[in-house]
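# Fold and geometry: a report
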Amino acid sequence: MQDSETATKQRLFEIIWGELDPNLTYVMKFEAIDRLRSLSLDERDILKVLEVLERHPDLMVRHEAAFVLLDFEEKNPSLSKKMRAVITNALSKRARYDKSLVVRHETLEALGYVGDESCMNLLLQSTKSRNKDIRESALFALQLLRFRLSGAPLSELLSRYSRNSSHQPESR
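Residues numbered from 1 in each chain as written. Predicted model: local features only at pLDDT ≥ 70, side-chain atom pairs only at ≥ 80, totals over all residues. Heavy atoms only, no water.

## Re helix α8 (residues 132-149)
Given a rise of 1.5 Å per residue, 18 residues ought to cover 26 Å, and the 25 Å separating the end C-alpha atoms of α8 matches this to within 8%. The set of residues buried in α8 consists of Ile 134, Ser 137, Ala 138, Ala 141, Leu 142, Leu 144, Leu 145 and Phe 147. Backbone nitrogen of Asp 133 and a side-chain oxygen of the N-cap are separated by 2.9 Å at the start of α8; the cap is Asn 131. Immediately downstream of α8, the backbone of Gly 151 shows phi near 95°, a positive value. (Helix = DSSP H or I, 4+ residues; strand = E, 2+ residues; numbered from the N terminus. Expected span 1.5 Å × (residues − 1). Buried < 20%, exposed > 50% of the residue type's maximum accessible area, 1.4 Å probe, protein only. Polar contact = N/O pair within 3.5 Å; in protein donor to acceptor, adjacent residues only side chain to side chain.)

See the structure below:
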């Protein structure tokens, strides 16, 4: 017998793939994948989200799958290195090859938050894209990733430049 949360996750994946009703709108599918963020996901669930990111025909659903992966990774800092690498590789692949600029933007941004050194070349290459939105997304992700890899917590960056802080950014 399944527990309630497991049954809910199964139902949400059925909605995402249109198994219950092939006429569901992508908005309903988007809402279903977004709802996954409020549940306790395990690595099996994440593999299903990775499949959505890789294969779903609706760009907004793939976009939200990238966000679910980012959210999962941030909520699970003790995630295994193997699973972290699987997530990073999937995000990198979509950032490089997805036909949708919306999905590419979201996966680039997610790499800034959850990526590692292996993402640097992709982000650097993406800063040279002909598309302005992709260039700016890659630049943001690259700066964020560099800051994260420096070991400083993001809260330090925020407090450094908050209105209440006495520290002022240096002039160039």
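## Details of the environment of Lys 93
If you trace the backbone, Lys 93 turns up in helix α5 (residues 81-97). Under the relative-accessibility criterion, Lys 93 is labelled partly exposed at 38%. C-alpha separation for the pair Lys 93 and Leu 53, spaced 40 residues apart in sequence, amounts to 10.0 Å. Once residues within four sequence positions are removed from consideration, Lys 93 is found in contact with Glu 54 and Asp 98. (Contact = heavy atoms within 4.5 Å.)

## Examining the confidence of the model for the protein chain
Predicted confidence across the protein chain gives a mean pLDDT of 89, with 88% of residues reaching 70 or more. The least confident element of the protein chain, judged by mean pLDDT, is helix α9 (residues 154-160) at 66; the most confident is helix α7 (residues 120-126) at 97. For the stretch residues 165-172, pLDDT sits under 50, and the model shows four contacts to residues farther than four places along the chain or on other chains. (pLDDT = per-residue confidence, 0-100.)

## Remarks on the nonpolar core
The biggest cluster of nonpolar side chains holds 40 residues, and the ones touching the most others in it are Ile 16, Leu 36, Ile 46, Leu 53, Leu 69, Ile 87 and Leu 91. Counting residues per element, the ones that place at least two in this core are α1 (4-16), α2 (26-35), α3 (43-55), α4 (59-75), α5, α6 (101-114), α7 and α8. If one sorts the elements of this core by residue count, α4 sits on top with seven residues. (Core = buried A, V, L, I, M, F, W, Y, C linked by side-chain atoms within 4.5 Å.)

## Structural notes on the pattern of salt bridges
Charged atoms that come close allow side chains of opposite charge to pair. Applying the stated criterion to the full structure yields 14 salt bridges. The partner of Arg 37 in a salt bridge is Asp 34, and the shortest N-O contact between them spans 2.6 Å. Between Lys 93 and Glu 54 there is a salt bridge, with the nearest N and O atoms lying 3.1 Å from each other. Pair noted here: Lys 93 is in helix α5 and Glu 54 is in helix α3, with a separation of 39 residues, a long-range link. Of the residues examined, Glu 54 reaches a relative accessible area of 31% and is grouped as partly exposed. Salt bridges sharing partners connect three or more residues here, namely Glu 54, Arg 62, Lys 93, Arg 94 and Asp 98. (Salt bridge = Lys/Arg side-chain N within 4 Å of Asp/Glu carboxyl O.)

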